Amino acid sequence: MIFENKHILLGITGGIAAYKAVELLRLLKKAGADVTVIMTENAKKFVGITTFEVLSENPVLSDLYFDTNTSVKHIDLAQKADAVVIAPATANTIAKLAAGIADNALTTTLLAVTCPVMVCPSMNTDMYQNIRVQRNLDILEKDGWHILDPDSGVLACKTTGAGRLPEPWFIFDRMEAMLTRKDLKGKRVLISAGPTVEAIDPVRFISNHSSGKMGFAVAKAAEKRGADVTLVSGPVHLETPVGVTRISIESCDEMAAQMLLHLGEADIIIKVAAVADYRPIDPKSSKIKKKDGHNELTLDMVETQDILKLIGEKKTKKQFLVGFAAETEDLEKNAALKIKKKNLDMIAANLVGAEDSGFKADTNKVKLIFRDGSSSDIPLMKKEQVANILIDHILDKMR
Ligand code: PMT
């Protein structure tokens, strides 16, 4: 949502990675931003203006004297910009920006902007590591601009090392973080997500439908808001959110061990994971064979540890503990009981079973119930939005 109706300036300089700016532009537009592209003369040798004009639905600025209708176009653009990203940024443009030189449309506009700026250097490794380039990047960083470290890998010049422009999704993600207010700065957040898996034998297990989407959305939102996030997750098919420390586990016992290990340093603990309540008492070390003439198989199960309850017993007054509850009936009553039983500060209760909320869906609908008995409904919306509203409420209650 952060890019919705925001004015973004996308600066492109003359590097081979200029083609990646096309995808970055597409991502920004898809997220609702109004993007104006500013290209240096050299950038136009790598990708044509038309591509950017068509995709941005705005004229590309590259010649300050071309459009005589608006004499101070670069100032207009600079004043209405909510953010600037320069991707790729060459050593030449970085040097000019650090020195305050204004000799083309991009460098001139950049002298007039007051909004957040992200610079994405991309060049040969030796050039990138050159002391002058590093000094110029330091100057820009000290001036308050955001420098995105380049990736390492094989470069266009066939050398291997740092200097590759990060992938567009990553630049987009870091821009999102740059524009997000850092109201969780200095806070450590411990989150559990996904299902647990309890072995029956080496090839079979008991688990549930949790995809990890809700827990990962909370982790992503918390990181963007400035928190130091540790995410303990069961097996899921999701990329680790940028900047989040992920610990992968399988069983309830493994999740309990990791959550308790990191509990002491956490300010906020959010248990989104769907943990198995029971596990086979005696998981077999070899595959259980099908027996002829037996059409039934009984598994002896034992209760798993209730991790949330354990944390509730151990937590200090300063720590804020949030549980999630997946209910198929009596949502409020059952969730409220869990607050008392597990010593929670808040519980997010989902009525599961519908296609558009709870397990696996991209959206969720939850009722937040607080220790004091008050509650707040979060209507059906994307799990990322639910995550942010959940964090708003946590911060509100912690004040
Ligand atoms: O992962 P998704 O596909 O996005 O789905 C999201 C979700 C539906 C899994 C999530 O929104 C959710 O509701 N998570 C909690 C699911 C659950 O296990 O609910 P519960 O009522 O069984 O457990 C209540 C709380 O106790 C949970 O915070 C759970 O993590 C915790 N618990 C439960 C059992 C146990 N042995 N240890 C626990 O810590």
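Higher on the page you've got the structure.
For the structure given in this document, a descriptive report is provided here. Everything numeric in this text was worked out from a predicted model, so none of it was measured.

Reading the values: the criteria
- Residues numbered from 1 in each chain as written.
- Predicted model: local features only at pLDDT ≥ 70, side-chain atom pairs only at ≥ 80, totals over all residues.
- Heavy atoms only, no water.
- Helix = DSSP H or I, 4+ residues; strand = E, 2+ residues; numbered from the N terminus.
- Buried < 20%, exposed > 50% of the residue type's maximum accessible area, 1.4 Å probe, protein only.
- Contact = heavy atoms within 4.5 Å.
- Near = heavy atom within 4 Å.
- Polar contact = N/O pair within 3.5 Å; in protein donor to acceptor, adjacent residues only side chain to side chain.
- Areas by Shrake-Rupley, 256 points an atom, 1.4 Å probe, with all protein chains shown as cover.
- Nonpolar A, V, L, I, M, F, W, Y, C, P; charged D, E, K, R; others polar.
- Pairing = 2+ DSSP bridges.
- Arc of directions from axis to C-beta.
- Axes fitted to C-alpha atoms, helices over the stretch in contact; angles between N-to-C directions.
- Parallel < 35°, antiparallel > 145°, perpendicular 65-115°, else oblique.
- Left-handed = near helix turned anticlockwise from the far one by under 90°.
- Salt bridge = Lys/Arg side-chain N within 4 Å of Asp/Glu carboxyl O.

1. Observations concerning the environment of Val 35
Logical step 1: Mapped onto the elements, Val 35 comes out in strand E2 (residues 34-39).
Logical step 2: Judged by its relative accessible area of 0%, Val 35 is buried.
Logical step 3: Separated by 49 residues in the primary sequence, Val 35 and Val 84 place their C-alpha atoms 9.6 Å from one another.
Logical step 4: Aside from chain neighbours lying at most four places away, what touches Val 35 is Ile 8, Leu 10, Leu 25, Leu 28, Lys 29, Ser 56 and Asn 58.

2. A short note on the environment of Gln 129
Logical step 1: Positionally, Gln 129 belongs in helix H6 (residues 125-129).
Logical step 2: Judged by relative accessible area, which is 49%, Gln 129 ranks as partly exposed.

3. Re the site of the ligand
Logical step 1: Around the ligand there are 29 residues in total, and Ser 210, Ser 211, Ala 273, Lys 338 and Lys 360 lie nearest to it.
Logical step 2: Within the contact set of the ligand, an oxygen atom lies 2.6 Å away from a side-chain nitrogen or oxygen of Ser 211.
Logical step 3: Gly 212 is positioned such that a nitrogen or oxygen atom in its backbone is 2.8 Å from an oxygen atom of the ligand.
Logical step 4: When isolated, the ligand has an accessible area of 780 Å², and the protein chains bury 96% of it.
Logical step 5: Elements represented by at least two residues in the shell around the ligand include exactly helix H9 (213-224), helix H11 (307-314) and strand E16 (320-327).
Logical step 6: Per-element accounting of the shell around the ligand gives the leading share, four residues, to E16.
Logical step 7: Considered class by class, the residues forming the shell around the ligand number 12 nonpolar, nine polar and eight charged.

4. Notes on unusual backbone geometry
Logical step 1: Following Ala 87, the chain continues into Pro 88 via a peptide bond in cis, with omega recorded as -5°.
Logical step 2: With respect to the helices and strands, the residue Pro 88 is situated in strand E3 (residues 83-89).
Logical step 3: In this structure, Glu 57 takes a positive phi of about 60° despite not being glycine.
Logical step 4: Tracing the chain through its elements places Glu 57 in the loop between helix H2 (49-56) and helix H3 (73-80).
Logical step 5: The exposure class of Glu 57 is exposed, given its relative accessible area of 61%.
Logical step 6: The residue Asn 343 is not glycine, and still its phi comes out positive at about 55°.

5. Remarks on the pairing of strand E18 (residues 363-370)
Logical step 1: Counting buried positions over the eight residues of E18 gives six, a clear majority of the element.
Logical step 2: Of the pairings in the sheet, the one linking strand E17 (residues 346-351) to E18 comprises five bridges and is antiparallel in character. Counted as the bridge partner of Ala 349 is Lys 367 from E18.
Logical step 3: The pairing of E18 with strand E19 (residues 375-382) spans six bridges and is classified as antiparallel. The residue of E19 that forms the bridge with Thr 363 is Lys 382.
Logical step 4: The loop that links E18 with its antiparallel partner E19 comprises four residues; one of these, Gly 373, has a positive phi angle of about 95°.

6. Concerning H3
Logical step 1: Of the residues making up H3, those classed as buried are His 74, Leu 77 and Ala 78. Down the axis, H3 shows its buried residues gathered within 100° of arc, on one side only.
Logical step 2: Contact partners of the buried residues in H3: strand E1 (7-12), E2 and helix H5 (105-112).

7. Concerning the packing of helix H4 (residues 91-99) against helix H7 (residues 131-142)
Logical step 1: Where H4 contacts H7, the two axes come as close as 9 Å, and the packing angle between them is 50°. Comparing the axis directions of H4 and H7 gives the class oblique. Remark: the crossing between H4 and H7 carries left-handed chirality. Touching Ala 91, Ile 94, Ala 95, Leu 97 and Ala 98 of H4 are Val 133, Asn 136, Leu 137, Ile 139 and Leu 140, all from H7.
Logical step 2: Of the residues that constitute the contact of H4 with H7, the class distribution is nine nonpolar, one polar and no charged.

8. Some remarks on the packing of helix H10 (residues 252-263) against H11
Logical step 1: Here H10 crosses H11 at 20°, and the two axes come no closer than 10 Å. Comparing their axes, H11 and H10 come out roughly parallel. The chirality of how H10 crosses H11 is right-handed. The residues of H11 that touch H10, namely those facing Cys 252, Met 255, Ala 256, Met 259, Leu 260 and Leu 263, are Ile 307, Leu 310, Ile 311 and Lys 314.
Logical step 2: Looking at the contact of H10 with H11 residue by residue, the class counts come to nine nonpolar, no polar and one charged.

9. Details of the pattern of salt bridges
Logical step 1: Counted under the stated rule, the structure contains 26 salt bridges.
Logical step 2: With a shortest N-O distance of 3.2 Å, Lys 20 and Glu 167 are connected by a salt bridge. Residue Lys 20 is located in helix H1 (residues 20-30), and its partner Glu 167 is located in the loop between strand E7 (160-164) and helix H8 (168-179); the two are separated by 147 residues in the primary sequence.
Logical step 3: A residue is classified by how much of its surface remains accessible, and Glu 167, at 36% relative accessible area, is partly exposed.
Logical step 4: For Asp 173, the salt bridge is made with Arg 174, and the minimal N-O distance between the two is 2.6 Å. Side by side, Asp 173 and Arg 174 carry an identical accessibility label, which is buried.

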